[in-house]
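Spelled out, the chains give:
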Amino acid sequence: MANITYVEHDGTRHEVEVANGLTVMEGARTNNIPGIVAECGGACACSTCHVYLDEAWIEGVPAKDDMETEMLDFASEPDLVRSRLTCQIEVTDALNGLIVHIPENQF
Ligand code: FES
């Protein structure tokens with residue numbers, strides 16, 4: 001279980017508990033958090049589950065693989081360091097306190 005804070009582009013914060021084994025994307029959808037579209041349902045094929053990691057968490061989240069890196073090229077305004085696809089981040093206790101920032105647009 002991890003406490004995760006999703007911050008909308010306008011600054012609205014959603015702090016929720018997400019079970020281990022879910023992805024950060026599934027945690028957002030389960031809790032009806034707006035702004036994470038996840039059009040492909042988590043198959044790493046759409047890039048509409050894009051977020052920016054909070055600065056404090058850049059080192060704390062397991063590194064992205066090649067598939068995620070390539071798909072991030074299609075994200076709206078990706079940042080080389082902070083951008084991640086939430087469907088590719090599995091929740092574990094180690095992510096307790098994670099903060100992610102949702103971009104203004106996913107397309
Ligand atoms: Fe489509 Fe993450 S949900 S890439």
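Just so it is clear, the structure is predicted and the values come from calculations on it, not from any experiment.

Novice: Would you mind showing me how to read the overall build of the protein chain here?
Specialist: If you tally the helices and strands in the protein chain, you get two helices and five strands. Mapped from its N terminus to its C terminus, the protein chain presents α and β elements in the order β-β-α-β-α-β-β. Taking the principal axes of its C-alpha atoms as reference, the protein chain extends roughly 30 × 25 × 25 Å. Counting the 107 residues in the protein chain, one finds 46% classified as buried. Taking all contacts inside the protein chain whose residues are at least 6 apart in sequence as the whole, residues at least 24 apart take part in 64%. Of the roughly 5600 Å² that the protein chain leaves accessible, carbon and sulfur atoms contribute 49%. Across the protein chain, 5 positive and 19 negative side-chain charges occur, with their mean positions spaced 2 Å apart.

Novice: Sorry, what's going on with the sheet that holds strand E5 (residues 98–101) here?
Specialist: On the basis of which strands lie adjacent, the open sheet formed by five strands has the order E2-E1-E5-E3-E4 and mixed pairing. Each of the sheet's edge strands pairs with one partner strand only, and the pair in question is strand E2 (13–18) and strand E4 (83–85). Sheet twist, expressed as the average angle between the axes of neighbouring strands with direction ignored, equals 35 degrees.

Novice: Could you clarify how one ought to interpret the side chain of Ser47 in this entry?
Specialist: Mapping Ser47 onto the fold places it in the loop between helix H1 (24–30) and strand E3 (50–53). Apart from residues no more than four positions distant in its own chain, Ser47 is found in contact with Met71, Phe74, Ala75, Leu85 and Gln106.

Novice: Please explain the pattern of salt bridges as it appears in this structure.
Specialist: In a structure, side chains of opposite charge can pair up when their charged atoms sit close to one another. A complete count under the given rule lists two salt bridges for this structure. Arg82 is the salt-bridge partner of Glu55, the closest N and O atoms lying 3.9 Å from each other. Taken together, the residues Glu55 in the loop between E3 and helix H2 (66–72) and Arg82 in the loop between H2 and E4 connect sequence positions 27 residues apart. Look at Glu55 and you get exposed, because its relative accessible area is 55%. Close ionic contact of Glu68 with Arg84 constitutes a salt bridge, the shortest N to O distance being 2.7 Å. Residue Glu68 is located in helix H2, and its partner Arg84 is located in strand E4; the two are separated by 16 residues in the primary sequence. Summarising the burial analysis for this pair, Glu68 and Arg84 share the class buried.

Conventions used here
- Residues numbered from 1 in each chain as written.
- Predicted model: local features only at pLDDT ≥ 70, side-chain atom pairs only at ≥ 80, totals over all residues.
- Heavy atoms only, no water.
- Helix = DSSP H or I, 4+ residues; strand = E, 2+ residues; numbered from the N terminus.
- Buried < 20%, exposed > 50% of the residue type's maximum accessible area, 1.4 Å probe, protein only.
- Contact = heavy atoms within 4.5 Å.
- Areas by Shrake-Rupley, 256 points an atom, 1.4 Å probe, with all protein chains shown as cover.
- Lys, Arg positive; Asp, Glu negative; His and termini not counted.
- Charge placed at Lys NZ, Arg CZ, Asp CG, Glu CD.
- Pairing = 2+ DSSP bridges.
- Axes fitted to C-alpha atoms, helices over the stretch in contact; angles between N-to-C directions.
- Salt bridge = Lys/Arg side-chain N within 4 Å of Asp/Glu carboxyl O.

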